[in-house]
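# Structural overview for review
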Amino acid sequence: MQLTNRSKQVSNKEMTFMERAYLPAIATGLAITIKHFFAKKVTIEYPEVKRYLGPVFRGRHILKRDEDGRERCTACGLCAVACPAEAIQIVAAEREKGEEKLYREEKYAAVYEVNMLRCIFCGLCEEACPKQAVYLRHDEFVPVFAERDQVIWGKDLLVEDMNNRYTREAWTKEEARTLDLKRASGEVTNVVPRAIP
């Protein structure tokens, strides 16, 4: 009776002298080692040379500003609700008179904190934000932490610097898909990265 159709017949034939000496196998292994010794190295000198991470990489968190330098975040809390690791904490506040140049809406995030030890960089906060305020940069890593007090990032580290704006070729999936189709057809060859509209 046969229990499986994947069984194999094993032969117990005598090994030749060369097979018992293992010399061909050792020579083949040494040849492979020597071939890899002279091949081009795949490692890079990381701090000096940085590898391109690609457009889908999710790195450092950033809270975007609009063209006038006002914060986009309205403290709706959708990013905190969408976060599976519960890494985002938000405290909302009302905008005071005279703060119209700082915040776009009447409500803003007085406290916006991300616990970087809990964050899993899934990008769900980015997708949940209706105001396009939260982004995970595709061109920057999160720096290494040396102390525990460096783990929780507040607005001082998260809000975008207007002198060093975060730019992309496309800001939405639809825009990226259209751009890919235009590149494939040859309509577009070079696209200048821009800040979010």
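Everything discussed here concerns the structure shown above.
Description of the structure in this document. The structure displayed is predicted, hence computed values, not measured ones. (Residues numbered from 1 in each chain as written. Predicted model: local features only at pLDDT ≥ 70, side-chain atom pairs only at ≥ 80, totals over all residues. Heavy atoms only, no water.)

## Some words on a nonpolar patch on the surface
A cluster of nonpolar side chains, namely Met15, Phe17, Met18, Tyr22, Leu23, Ile26, Leu30, Ile34, Phe37 and Phe38, defines an oily patch on the protein surface of about 1,200 Å² accessible area. Looking at the nonpolar patch, the elements with two or more residues in it are α1 (17-21) and α2 (23-37). In terms of residues, the nonpolar patch owes the most to one element, α2, which gives 5 residues. Positionally, leucine 30 belongs in helix α2. (Patch = residues over 30% accessible without salt bridge, like charges linked within 9 Å, V, L, I, M, F, W, Y side chains within 5 Å. Areas by Shrake-Rupley, 256 points an atom, 1.4 Å probe, with all protein chains shown as cover. Salt bridge = Lys/Arg side-chain N within 4 Å of Asp/Glu carboxyl O. Helix = DSSP H or I, 4+ residues; strand = E, 2+ residues; numbered from the N terminus.)

## Here we look at the nonpolar core
If you look at the biggest cluster of nonpolar residues, it comprises 20 residues, and the most contacted ones within it are Leu63, Ile88, Tyr112, Val114, Val134 and Leu158. Per-element tally for this core: the top contributor is strand β3 (residues 107-115), with 3 residues. If sequence neighbours within four positions are ignored, valine 114 has contacts with His61, Ala87, Ile88, Val151, Ile152, Trp153 and Leu158. Within the second largest apolar cluster, 5 residues are counted, among which are Ile62, Tyr135, Trp171 and Ile196. (Core = buried A, V, L, I, M, F, W, Y, C linked by side-chain atoms within 4.5 Å. Buried < 20%, exposed > 50% of the residue type's maximum accessible area, 1.4 Å probe, protein only. Contact = heavy atoms within 4.5 Å.)

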